[in-house]
Amino acid sequence: MAIRADSYSSTAEVKAFTRHLLDGQTAFNTTTRPRATELEGFIDKASGVLNVALSVGGFTPSAIIANTTAKLACSDWVTNYAVRYVELTQRGTGYSEAEGSR
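Conventions we followed
- Residues numbered from 1 in each chain as written.
- Predicted model: local features only at pLDDT ≥ 70, side-chain atom pairs only at ≥ 80, totals over all residues.
- Heavy atoms only, no water.
- Helix = DSSP H or I, 4+ residues; strand = E, 2+ residues; numbered from the N terminus.
- Buried < 20%, exposed > 50% of the residue type's maximum accessible area, 1.4 Å probe, protein only.
- Polar contact = N/O pair within 3.5 Å; in protein donor to acceptor, adjacent residues only side chain to side chain.
- Expected span 1.5 Å × (residues − 1).
- Phe/Tyr/Trp six-rings, centres within 6.5 Å; stacked < 30°, edge-to-face > 60°.

S.K.: Quick question: what am I supposed to make of the environment of S55 here?
M.R.: Mapped onto the elements of the fold, S55 is located in helix α2 (residues 36-56). S55 sits in the partly exposed class, given a relative accessible area of 42%. In this structure the side chain of S55 is engaged in a polar contact, spanning 2.7 Å, whose partner is the backbone oxygen of V52.

Shown next, in the form of structure tokens:
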């Protein structure tokens, strides 16, 4: 699987925020949680949500991608959303004020 052409962000951008979850791996792959293909799906899903919202305002993905400033803002939003998905794939420990707790 590959990230769709009308999607924003990348696995590398998400990795910058979630490197601590890779258990020594250098990138998301078939042994990480989530797997690389699952992360690409997260990016595509978040991008889809954003593209639908943008279309309500009359914008098309191609218009956003052509504008480097707009693309940067959209990429940041999608990265943030995908990072949340990645964190949700991790085993929860219950709530407390300790680090690593949901």
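From this point, the discussion proceeds with the structure in view.
S.K.: How should I be thinking about helix α4 (residues 68-88) in this particular structure?
M.R.: Note on helix geometry: an α-helix contains 3.6 residues per turn, so any two residues three or four positions apart are oriented the same way. Between the first and last C-alpha of α4 there are 30 Å, a value that for 21 residues agrees with the 30 Å anticipated at 1.5 Å per step. Of the residues making up α4, those classed as buried are C74, S75, V78, T79, A82, V83 and V86. Put simply, N67 is the residue that caps the front of α4, since its side-chain oxygen is 3.0 Å from the backbone nitrogen of T69.

S.K.: Any chance you could explain unusual backbone geometry here in plain terms?
M.R.: Negative phi values dominate among residues other than glycine, just as trans dominates among peptide bonds. The step from R33 to P34 runs through a cis peptide bond, and the omega angle for that step is 0°. Of note, P34 is situated in the loop between α1 (11-18) and α2. Even without a glycine there, the phi angle at S9 is positive, about 75°. One can find S9 in the segment before α1. When its relative accessible area of 14% is taken as the criterion, S9 is described as buried. Its identity as a non-glycine residue notwithstanding, D23 has a phi of 50°, on the positive side. Relative to the helices and strands, D23 resides in the loop between α1 and α2.

S.K.: Explain the packing of aromatic side chains to me, please; I cannot follow it from the model alone.
M.R.: The relative placement of two aromatic rings is captured by the distance of their centres and the angle of their planes. Scanning the entire structure with this criterion turns up three aromatic pairs. When the ring of F42 is compared with that of Y85, the centres are 5.1 Å apart and the planes differ by 40°; the resulting orientation is tilted. One end of the pair, F42, is in helix α2; the other, Y85, is in helix α4, and 43 residues separate them in sequence. Overall, F42 belongs to the buried group, its relative accessible area being 13%. Judged by centre distance (4.9 Å) and plane angle (20°), the rings of W77 and Y81 are stacked. One end of the pair, W77, and the other, Y81, are both in helix α4, four residues apart, so they sit about a helical turn from each other.

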